[in-house]
Amino acid sequence: HALDEVVFYEKALRLSREGKGTGTGGELLQLLGFMFDYAGVLVCPGMHVVPLREDGVELLVIQNLHEGCTALRMLDIKIGQQTAVAGWQGKSRIRAYRQAILDGMTNSTEEGFRLEGFDGVPPALASMDPMLDFSLPAGVVAKRKRQAWRIMM
């Protein structure tokens, strides 16, 4: 897990326990109601990952996303007008620059959020292929389809 994710979930857990949110109407608490449950961090000392860590692995303990679902539709929404900054989380200047170009081509810059991923897409939306207007080799289409979906959404 990323360290910033732990900070986010811990803050959300604390706010929900305290019953406090931002603004007069507690808008943040209303938003947190749509998140899956988070219980904390589990340290597994017997497990190791690469690069090797002597203390084992830390795992976020969250609700099973498929619990109670026969079909799951999940949206991954990136929040923020700028979704990458050079030097943050090891991001290089060139990668941050490339991400800034993507932010400008999507609605991140204008609206402050964008749809990054969509699992369980309904058939009507799945039939909207953003690559139909391009006559490209199949390998190129498969590689670029995800990027085209980002821009289309």
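Below, the structure is looked at part by part.

Reading guide: rules and limits
Residues numbered from 1 in each chain as written. Predicted model: local features only at pLDDT ≥ 70, side-chain atom pairs only at ≥ 80, totals over all residues. Heavy atoms only, no water. Patch = residues over 30% accessible without salt bridge, like charges linked within 9 Å, V, L, I, M, F, W, Y side chains within 5 Å. Areas by Shrake-Rupley, 256 points an atom, 1.4 Å probe, with all protein chains shown as cover. Salt bridge = Lys/Arg side-chain N within 4 Å of Asp/Glu carboxyl O. Helix = DSSP H or I, 4+ residues; strand = E, 2+ residues; numbered from the N terminus. Buried < 20%, exposed > 50% of the residue type's maximum accessible area, 1.4 Å probe, protein only. Phe/Tyr/Trp six-rings, centres within 6.5 Å; stacked < 30°, edge-to-face > 60°.

1. Considering a nonpolar patch on the surface
Together, L75, I77, I79 and F113 give the surface a local cluster of nonpolar side chains, amounting to about 400 Å² of exposed area. With respect to the helices and strands, the residue I77 is situated in strand β3 (residues 74-79). Under the relative-accessibility criterion, I77 is labelled partly exposed at 44%.

2. Overview of the packing of aromatic side chains
Tallied over the full model, the rule gives two aromatic pairs. Residues F8 and Y9 carry aromatic rings whose centres are separated by 5.3 Å and whose planes lie at 75 degrees to one another, so their mutual orientation is edge-to-face. We classify F8 as partly exposed; its relative accessible area is 43%. Geometrically, the ring pair formed by Y9 and Y38 is stacked, given 5.2 Å between the ring centres and 25 degrees between the ring planes. A residue pair is termed long-range when its members are at least 10 positions apart, and Y9 in helix α1 (residues 3-18) and Y38 in strand β1 (residues 38-44) qualify at 29 residues. According to the relative accessible area criterion, Y9 is buried, its value standing at 13%. An aromatic cluster is defined as three or more aromatic residues linked by ring pairs; in this entry it consists of F8, Y9 and Y38.

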